[in-house]
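Fold and geometry: a report
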Amino acid sequence: MGGGYLPETFPQVLGALSVLLTSVNVTGGFVITKRMLDMFKRPMDPPESSWLYSIPAVVFTDSFLAAVSTGMAGLVRAVSFPPALLAQFAGLATVGGTISAIIGRCITAIKLPQMVAALHLVVGLAAVLAAVFTSIWQCPR
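Definitions and limits used
- Residues numbered from 1 in each chain as written.
- Predicted model: local features only at pLDDT ≥ 70, side-chain atom pairs only at ≥ 80, totals over all residues.
- Heavy atoms only, no water.
- Core = buried A, V, L, I, M, F, W, Y, C linked by side-chain atoms within 4.5 Å.
- Buried < 20%, exposed > 50% of the residue type's maximum accessible area, 1.4 Å probe, protein only.
- Helix = DSSP H or I, 4+ residues; strand = E, 2+ residues; numbered from the N terminus.
- Contact = heavy atoms within 4.5 Å.
- Axes fitted to C-alpha atoms, helices over the stretch in contact; angles between N-to-C directions.
- Left-handed = near helix turned anticlockwise from the far one by under 90°.
- Nonpolar A, V, L, I, M, F, W, Y, C, P; charged D, E, K, R; others polar.
- Polar contact = N/O pair within 3.5 Å; in protein donor to acceptor, adjacent residues only side chain to side chain.

1. Things to note about the nonpolar core
Generally speaking, soluble globular proteins have nonpolar side chains that are buried together. Counting residues in hydrophobic clusters, the biggest one holds 12 residues: L14, L21, V24, I32, I107, L112, M115, L119, V122, A126, L129 and F133. Taken together, the elements giving at least two residues each to this core come down to α1 (10–38) and α6 (112–138). Apart from residues no more than four positions distant in its own chain, I32 is found in contact with G104, I107, L112, M115, V116 and L119.

Below, the structure written as structure tokens:
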């Protein structure tokens, strides 16, 4: 990735494509897992209370913010990525997540295992693209 809001060189395009494919894999994994778990839900099961996960974040706000600041946010501050590159990353992750969310909701329950295999293929392709990007980037010019 690189080049501002859009990649400018071939290695940057490969890096951006790997981010896009990885976001497809991550979001698709969550969608497919949720659909598979829903297959085992009984009508008499109580409703889900996912909002309860926000209680520790509210109660332990200081420690939560400390953990976040030493995690990804700390990395972004330490490396100081340019805002254009962060926007490119966010845009690619949003597009990839949207694509996989749509695909994950449209497939039938019978095809869920094939979708999981396809997502593994996508993440493998993303890893290959990232490796090619790294080796091209490190070649002497």
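2. A short note on the packing of α1 against helix α5 (residues 83–106)
Think of two packed helices as two axes; the pair is described by the angle between the axes and how far apart they sit. For the pair α1 and α5, the least separation of the axes is 7 Å and the interaxial angle reads 35°. You can see that α1 and α5 cross each other, and the crossing is right-handed. Seen from α1, the contacting residues are A16, V19, L20, S23, V24, T27, G28, V31, I32 and R35; seen from α5, they are Q88, F89, L92, A93, V95, G96, G97, S100, A101, G104, R105 and C106. Residues of the contact of α1 with α5, tallied by class, amount to 12 nonpolar, eight polar and two charged.

3. Let's talk about the side chain of Q12
When you line up the elements, Q12 lands in helix α1. A polar side-chain atom of Q12 sits 2.7 Å from the main-chain amide nitrogen of E8.

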